[in-house]
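Close look at the chain arrangement
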Amino acid sequence: MDKKVFLISGGSSGIGLAVASSLLNQGHHVISLSRSSEKVARAAREFPGIAERLDFMQGDVSIAEDAQKIAESIHEKYGVLHGLVNNAGVLSKGSLETTEQTVWEKTLAVNLTGPFILTKALLPLLKSAGGASVVNISSVAGLKPGTSLSYSVSKAGLDMFTRFLAGDLGPYGIRVNSVNPGLVRTHIHLDNSITESRQAYEDMLAKARVRYPLQRIGMPEDIASMVVFLLSEESSWITGSIMTVDGGVMVENDLIPPKEL
Ligand SMILES: NC(=O)c1ccc[n+]([C@@H]2O[C@H](COP(=O)([O-])OP(=O)(O)OC[C@H]3O[C@@H](n4cnc5c(N)ncnc54)[C@H](OP(=O)(O)O)[C@@H]3O)[C@@H](O)[C@H]2O)c1
């Protein structure tokens, strides 16, 4: 890829940080939009030398004024945007009976309204790239009900956002695709209090692992490689696709007996 400018929402942690690291290693300019400077400091501890090279802009994807300020800063500093990764997301848990309306609203605000706000604010900069790529980080939970009503609905909505925008923005040369990961080891479960302790988190991963035909949970880099491909010209005829990157969990079938390994 020629040297380009990319914005990753939630580039300070997990999957977003792995995408940022890969793009920085290719020599691109990478801007990360997220809220807490502590997570940027944590990223610097986990990936020494990476977080300092990220152009960290502070803001909340669910706040239109923040997105507008980011768009203005990118316009002043770079004048163009070649790619946007709508990756910032929150995880929630609960069924219809156990989900509070505040949790429902917050999950949809960040995971679904966030990409709408950010993509709309950045559209003029994406148009001026003369061929840009938007990648939305969805989930297998958007394709098959998971354990959280609000999370699954937010990601199913994001998949339709992807498909709609692919048709809407294709004539501007802007491609829009979705990457739908299975379970990936990041900070999202502990940061969003989905499991109470690190031990409970490790137990959850161990229990989940057996449902994956490839017998392992994903790492952020497994997802980043697909995102980087979709941002690159290698994927120049791909738009409106929903790409599962999930160790095969979507084809898991309880009727097949487990293998003796
Ligand atoms: N890990 C998994 O198993 C998994 C599976 C499927 C899909 N995903 C999806 O992958 C994406 C990344 O998740 P991850 O697992 O890498 O999580 P993570 O490690 O918790 O990272 C989430 C990032 O999003 C940022 N963020 C959260 N809310 C934000 C907001 N309102 N405005 C701006 N930034 C915000 C966080 O920073 P601040 O909190 O400082 O803002 C952080 O940088 C999410 O969309 C998630 O739904 C994850």
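No experiment lies behind these values; they were computed from the predicted model shown. (Residues numbered from 1 in each chain as written. Predicted model: local features only at pLDDT ≥ 70, side-chain atom pairs only at ≥ 80, totals over all residues. Heavy atoms only, no water.)

Observations regarding the overall build of the protein chain
Scanning the protein chain from N- to C-terminus turns up eight helices and seven strands. On C-alpha atoms alone, the protein chain measures out to a radius of gyration of 18 Å, which is about the 18 Å that the 2.2 N^0.38 rule sets for 261 residues. A principal-axis box enclosing the C-alpha atoms of the protein chain has dimensions of 55 × 40 × 40 Å. Going through the 261 residues of the protein chain one by one, you find that 50% of them count as buried. The contacts in the protein chain between residues at least 6 apart in sequence include a share of 74% that link residues at least 24 apart. Entry remark: accessible area of the protein chain is about 13000 Å², with carbon and sulfur atoms responsible for 56%. The average position of the 24 basic charges and that of the 27 acidic charges among the side chains of the protein chain differ by 2 Å. (Helix = DSSP H or I, 4+ residues; strand = E, 2+ residues; numbered from the N terminus. Rg over C-alpha atoms; globule rule 2.2 N^0.38 Å. Buried < 20%, exposed > 50% of the residue type's maximum accessible area, 1.4 Å probe, protein only. Contact = heavy atoms within 4.5 Å. Areas by Shrake-Rupley, 256 points an atom, 1.4 Å probe, with all protein chains shown as cover. Lys, Arg positive; Asp, Glu negative; His and termini not counted. Charge placed at Lys NZ, Arg CZ, Asp CG, Glu CD.)

Observations concerning the nonpolar core
With 32 residues, the main nonpolar core has Leu 7, Ile 74, Leu 118, Leu 122 and Leu 126 as its most contacted residues. At the level of elements, strand 1 (5-9), strand 2 (29-34), helix 3 (64-77), helix 4 (101-127), strand 5 (132-137), helix 5 (149-169) and strand 6 (174-181) are the ones that each hand at least two residues to this core. Sort the elements by how many residues they give to this core and helix 4 lands first, with seven residues. If we ignore the near neighbours within four places in the chain, the residues touching Ile 74 are Leu 7, Ile 31, Met 57, Gly 79, Val 80, Leu 122 and Leu 125. Leu 23, Ile 137, Ile 223 and Val 228 belong to the second largest nonpolar core, which has 28 residues in total. (Core = buried A, V, L, I, M, F, W, Y, C linked by side-chain atoms within 4.5 Å.)

Side note on the pattern of salt bridges
Opposite charge on two side chains permits them to pair, given that their charged atoms come into close proximity. Evaluation of the coordinates by the stated rule reveals seven salt bridges. Note that Glu 233 is salt-bridged to Lys 4, the shortest N-O span being 2.7 Å. In this pair, Glu 233 sits in the loop between helix 8 (220-231) and strand 7 (242-245) while Lys 4 sits in the segment before strand 1, placing the two residues 229 residues apart along the sequence. Assessed through its relative accessible area of 54%, Glu 233 is described here as exposed. Overall, the relative accessible area of 9% leaves Lys 4 in the buried class. Note that Arg 216 and Asp 222 form a salt bridge whose closest N and O atoms lie 2.8 Å from each other. By relative accessible area, Arg 216 is classed as partly exposed at 43%. Several salt bridges share partner residues, and in doing so they unite Lys 39, Arg 42 and Asp 191 into one network. (Salt bridge = Lys/Arg side-chain N within 4 Å of Asp/Glu carboxyl O.)

Thoughts on the packing of helix 1 (residues 14-25) against helix 8
Where helix 1 meets helix 8, the axes come as close as 8 Å, and the angle between the chain directions of the two elements is 55°. In terms of orientation, helix 1 lies oblique with respect to helix 8. In terms of crossing hand, the pair formed by helix 1 and helix 8 is right-handed. Facing helix 1, whose interface residues are Gly 14, Ile 15, Ala 18, Val 19, Ser 22 and Leu 23, helix 8 presents Pro 220, Glu 221, Ile 223, Ala 224, Val 227, Val 228 and Leu 231. (Axes fitted to C-alpha atoms, helices over the stretch in contact; angles between N-to-C directions. Parallel < 35°, antiparallel > 145°, perpendicular 65-115°, else oblique. Left-handed = near helix turned anticlockwise from the far one by under 90°.)

Quick word on helix 5
Its 21 residues place the ends of helix 5 30 Å apart at the C-alpha level, agreeing with the 30 Å of an ideal helix rising 1.5 Å per residue. On its buried side, helix 5 packs onto helix 4, strand 5, strand 6 and strand 7. For helix 5, the N-terminal cap is Ser 148; the gap from its side-chain oxygen to the backbone nitrogen of Tyr 151 is 3.1 Å. (Expected span 1.5 Å × (residues − 1). Polar contact = N/O pair within 3.5 Å; in protein donor to acceptor, adjacent residues only side chain to side chain.)

Keep in mind these values describe shape, not function.
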